[in-house]
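Residue-level listing of the chains:
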Amino acid sequence: MLGKLIKHELRGSGRTMLPFILVSLFLSVMAGLSMRAMEHQQDYSWFSILFGIVIFLFVAGLMAVCIMSVVVVINRFRQNLLGDEGYLMFTLPVSVDQHLWSKLIVSAIWFAATALTCMLAVMLMLLCNINTFEIDWSEVGYVMGELGRMMREFGILHLVGYCLELLAMFFVGACVSCLTFYCAMAIGYSFSNRKVLLSILAFFGIDILFSVLQSSVIMLLNAIPGVERFLENLDLSRVNAAGSVHIVLLCWVLYLAIHAAVLYIPTRLLLKKKLNLP
């Protein structure tokens, strides 16, 4: 059933996200072509204005994609689970966990699509003007050779591990971002009145709470006898470079996972026990 929820969520959010993605890619090509045409113009008076408009639209398109990815994440959660559609969604033979995971997975997909769209848009704009760049292919070959040498030194297994750890870090980080909004909305919509205002206040309250918790944990660890000495005696130099990178990435994934769990639990409980549909 989770797969069906993900499919339904992708289809619903895709109606909003895909047009923005396609328009931003189209504007990137137009921006690249306008840059190329700018070099062949002798009278820049009128074309410079057109060029400025196209570049402005290109930048605005990328910003719109980034903003809409967040807006879609918030709006889909509010409409499907906290609005009128919630009466239907919560009558389905689906658990609250499956509802939340479908939202989180699809949100991570759109965040990844947004990042890829921005990178692809810049690449398309540059590719339209690749003939105007003076590229020293010998230098490019040298850099690629060095990268290949470094990859062989690290080993294919380490590289696969890095990719998996980075993907996990991206996914858990996306979950943290989404759950911050979800938890705030679950708190705000558990009341009868002023739900939007209370959700906004809850969002800032959660942000302040986590800042205080992080500072308190750091102070508590510093106050525990032996912790400072342990950290001073912790010598990562005994671990090779590849292993040190794994340790850093895994620790960061663990930190984000704890952050996500702290947000997930109250969100789940509020949706299950304190849901106040309109």
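What this report covers is the structure whose coordinates are included nearby. Computed from a predicted structure; not experimentally measured.

Right, let's talk about the nonpolar core for a bit. Grouped together as the largest cluster of nonpolar side chains are 31 residues, with contacts concentrated most on Phe77, Leu100, Leu179, Tyr182, Leu263 and Leu271. Within the residue set of this core, elements represented by two or more residues are helix 2 (44-82), helix 4 (96-127), helix 6 (156-188), helix 7 (195-223) and helix 9 (241-273). With ten residues, helix 6 is the single largest residue contributor to this core. Core analysis: the next-biggest nonpolar cluster, separate from the first, contains 17 residues, Ile6, Val72, Cys118 and Ala121 among them.

Once that is clear, we can look at the packing of helix 1 (residues 2-38) against helix 4. Viewed as axis vectors pointing N to C, helix 1 and helix 4 meet at an angle of 10°, and their least axial separation amounts to 9 Å. The angle between the axes of helix 1 and helix 4 places the two elements in the roughly parallel class. For the crossing formed where helix 1 meets helix 4, the hand is right-handed. Looking at the contact of helix 1 with helix 4 residue by residue, the class counts come to 21 nonpolar, ten polar and two charged.

Running from N to C, helix 4 and helix 6 point in directions that differ by 120°, and their axes come no closer than 9 Å. As summarised for this structure, helix 4 and helix 6 are arranged oblique, according to the angle between their axes. Where helix 4 crosses over helix 6, the two elements pack in a sense that is right-handed. Across the interface between the two elements, Leu100, Trp101, Lys103, Leu104, Ile105, Ser107, Ala108, Phe111 and Ala112 of helix 4 pack against Phe170, Phe171, Ala174, Cys175, Cys178, Leu179 and Tyr182 of helix 6. The class makeup of the residues in the contact of helix 4 with helix 6 is 14 nonpolar, one polar and one charged.

Each aromatic ring pair is described using two quantities: the centre-to-centre distance and the angle formed by the ring planes. Under the definition given, this model contains six aromatic pairs. On the basis of an interplanar angle of 15° and a centroid distance of 6.4 Å, the ring pair of Trp101 and Phe171 is categorised as stacked. With Trp101 in helix 4 and Phe171 in helix 6, this pair connects stretches of sequence that are 70 residues apart. Note on Trp101: relative accessible area 36%, which makes it partly exposed. Ring geometry for Phe181 against Phe203: centres 5.1 Å apart, planes inclined by 15°, an arrangement best described as stacked. Of the two residues, Phe181 sits in helix 6 while Phe203 sits in helix 7, which places them 22 residues apart along the sequence. Phe181 sits in the partly exposed class, given a relative accessible area of 25%. Classification of Phe203 by relative accessible area gives partly exposed; the value is 25%. In this structure an aromatic cluster arises from ring pairing among Trp101, Phe171 and Tyr264.

With that settled, the discussion passes to the environment of Trp110. Structurally, Trp110 is set in helix 4. On the basis of relative accessible area, Trp110 is assigned to the buried category, the value being 9%. Between the C-alpha atom of Trp110 and that of Cys66, which follows or precedes it by 44 residues, the distance is 9.6 Å. Other than its neighbours up to four places away in sequence, Trp110 contacts Leu10, Ser13, Gly14, Met17, Leu18 and Ile21. Engagement of the side chain of Trp110 in a polar contact is seen with the side chain of Ser13, the distance being 2.6 Å.

Bringing unusual backbone geometry into the picture now. For Arg194, which is not glycine, the phi dihedral falls at a positive 50°. Assignment of secondary structure puts Arg194 in the loop between helix 6 and helix 7. For Arg194, a relative accessible area of 65% translates into the label exposed.

Calculation rules
Residues numbered from 1 in each chain as written. Predicted model: local features only at pLDDT ≥ 70, side-chain atom pairs only at ≥ 80, totals over all residues. Heavy atoms only, no water. Core = buried A, V, L, I, M, F, W, Y, C linked by side-chain atoms within 4.5 Å. Buried < 20%, exposed > 50% of the residue type's maximum accessible area, 1.4 Å probe, protein only. Helix = DSSP H or I, 4+ residues; strand = E, 2+ residues; numbered from the N terminus. Axes fitted to C-alpha atoms, helices over the stretch in contact; angles between N-to-C directions. Parallel < 35°, antiparallel > 145°, perpendicular 65-115°, else oblique. Left-handed = near helix turned anticlockwise from the far one by under 90°. Nonpolar A, V, L, I, M, F, W, Y, C, P; charged D, E, K, R; others polar. Contact = heavy atoms within 4.5 Å. Phe/Tyr/Trp six-rings, centres within 6.5 Å; stacked < 30°, edge-to-face > 60°. Polar contact = N/O pair within 3.5 Å; in protein donor to acceptor, adjacent residues only side chain to side chain.

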